[in-house]
Amino acid sequence: MNQAQHPVLIAGGGIGGLAAALALVRQGFHVKVLEQAAELGEIGAGIQLGPNAFHAFDALGVGARARARAVYTDYMVMHDAIDEYQVGRIPTDERFRARFGNPYAVIHRADVHLSLLEGAGETGQVEFLTSTRVERIEQDDRGVTVFDQHRQPHRGLALIGADGVKSVVRQQYVNDPARVTGHVVYRAVVDKADFPDELKWNAAAIWVGPNCHLVHYPLRGGEQYNIVVTFHSRQKEEWGITNGSRKEVQSYFQDVCPKARQLIELPRSWRRWATADRDPIGQWSFGRATLLGDAAHPTTQYMAQGACMAMEDAVTLGEALRVHARDWTAALDLYQRSRIARTARIVLSSREMGRLYHATGVERLVRNDLWRGRSAERFYDAMEWLYGWNVDNCLAPH
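Thresholds, definitions, all that
- Along each chain, residue indices are assigned from 1 in the same order as the chain's sequence is written.
- Reporting of local features is limited, given that this is a predicted model, to residues whose pLDDT is at least 70; pairs of side-chain atoms are given and counted only at 80 or more, and all residues count toward the totals for whole chains, interfaces and linings.
- In computing side-chain properties, one takes all heavy atoms of the structure into account and sets aside hydrogens as well as water.
- Two strands pair if DSSP finds at least two bridges between them.
- Counting from the N terminus, the helices are DSSP H or I runs at least four residues long and the strands are E runs at least two residues long.
- Whenever a helix is involved, its axis is fitted only over the stretch in contact; in every case the axis is a line through C-alpha atoms, and angles between N-to-C directions fall within 0 to 180 degrees.
- Any helix carries an expected span of 1.5 Å times its number of residues minus one.
- Exposure is judged per residue with a 1.4 Å probe applied to protein chains only, and the accessible area is read against the type maximum: over 50% gives exposed, under 20% gives buried, and values in between give partly exposed.
- An angle below 35 degrees is treated as roughly parallel, one above 145 as roughly antiparallel, one from 65 to 115 as roughly perpendicular, and anything else as oblique.
- Crossing handedness follows the turn of the near helix against the far one: under a right angle anticlockwise gives a left-handed crossing, and clockwise gives a right-handed one.
- The contact criterion used is simple: two residues touch if any of their non-hydrogen atoms lie within 4.5 Å.
- Throughout this entry, Asp, Glu, Lys and Arg are counted as charged residues, while Ala, Val, Leu, Ile, Met, Phe, Trp, Tyr, Cys and Pro are counted as nonpolar. The remaining residues, Gly among them, count as polar.
- Side-chain atoms within 4.5 Å link the members of a nonpolar core, which is a set of buried Ala, Val, Leu, Ile, Met, Phe, Trp, Tyr and Cys residues.

A. Region of the structure containing the sheet that holds strand β10 (residues 143-148). Strand order across the open sheet formed by three strands is β9-β10-β11, with antiparallel pairing between neighbours. With one partner strand each, in any of the chains shown, β9 (134-140) and β11 (153-156) form the two edges of the open sheet. Adjacent strand axes in the sheet meet at a mean angle of 20° when their direction is disregarded.

B. The arrangement of helix α1 (residues 15-26) in detail. Between its first and last C-alpha, α1 extends 17 Å over twelve residues, near the 16 Å set by a 1.5 Å rise per residue. The element α1 is extensively covered by neighbouring structure, given that eleven of its twelve residues are classed as buried. Looking one or two residues past α1, G28 carries a phi angle of roughly 95°, positive in sign.

C. Summary view of the packing of helix α2 (residues 51-60) against helix α9 (residues 306-323). The N-to-C vectors of α2 and α9 enclose an angle of 40°; their axes lie 9 Å apart at closest approach. Considered as vectors, α2 and α9 are oriented oblique to each other. In terms of crossing hand, the pair formed by α2 and α9 is left-handed. Each of N52, A53, A56, F57, A59 and L60 in α2 lies in contact with α9, whose residues at this interface are C308, M309, M311, E312 and V315. In the contact of α2 with α9, the residues fall into nine nonpolar, one polar and one charged.

D. Up close: the nonpolar core. With 69 residues, the main nonpolar core has L24, L49, F57, L116, M311 and W328 as its most contacted residues. At nine residues, α1 tops the list of elements feeding residues into this core. Beyond its immediate chain neighbours, meaning those up to four positions away, W328 contacts V8, L24, F29, L157, A158, I160, R288 and L321. Among the nonpolar cores identified, the runner-up in size contains 30 residues, and V71, F100, A204 and V208 belong to it.

Rendered as structure tokens:
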């Protein structure tokens, strides 16, 4: 292989890695994705997609696929889980779409991944290697060499570390500690027939309680419902995913109202996430290696923006390479300058949103008063910084 034929290497074949692959192909690169799992896929359940996510899908060329698999909500709503008080309701109707240029939707995580995977596969420019774990990275002036668990070298023009919350690429270049929150998330998907009629809302709904909350919304044309419950664990947690226990999750929701509490009786099986994030960092590009998605800015789930931010990263990386005519040093600098403050705001805002959701005592009363009487337009104004992102404004001044 001569220099021009070397691919760009991507560590990780999740949502961020596939989005990066699409963005790079659109700038004329060949891509090689190194995925440690035996097959490409996503675990999890539903995720929420703001208008910024649809702007990213469109920029990556998979907007039609994602739109066909999404469920378009009529509103977002927050209730107090103790007394059912409606804390806030935000319409996501035509006014919302007119304001932000795209809808709000919910979708199964696997359907986001599939949309990106189909798009990447159709380009013919993306090679996938599964059961391949990045172990070590070396660089020189012309490119990057990645060594996998079998000590096999993979040569590329650059390396995109999209290898998730426990990123090996981040470990080599940053090696900062994770911040385990002590918050545990249970996720499940329930068939429509088993879901309570009184909660079959076409909405992203959240019930907020003391040190806990519950989320539900429809998936896959309303044939299924996503259920997510979060609580502050009584025990010391370690970052990771395990099978959940119905008995455990029930023990944390004794005080919530019956309408909300019935949600935790529905799933036949749960997956349990002990969550963590990391403090934002001011540098995540190192020579010809950079970080993307959860590897760059792992966050808690309270802003519902993890996948959205990964796709924004990918689009921004592609745009930085375009304006710098594929000069990797200049492009990676512009990419991180364009993303660090925005993604740090998500990480820090998510921590505060978790506190707001889980408020107790007088803080709960303050939370319930925060948005009393607020109009849809005032909600939209507050969301402008988040949902106003698009491919035309994604780059920092350069």
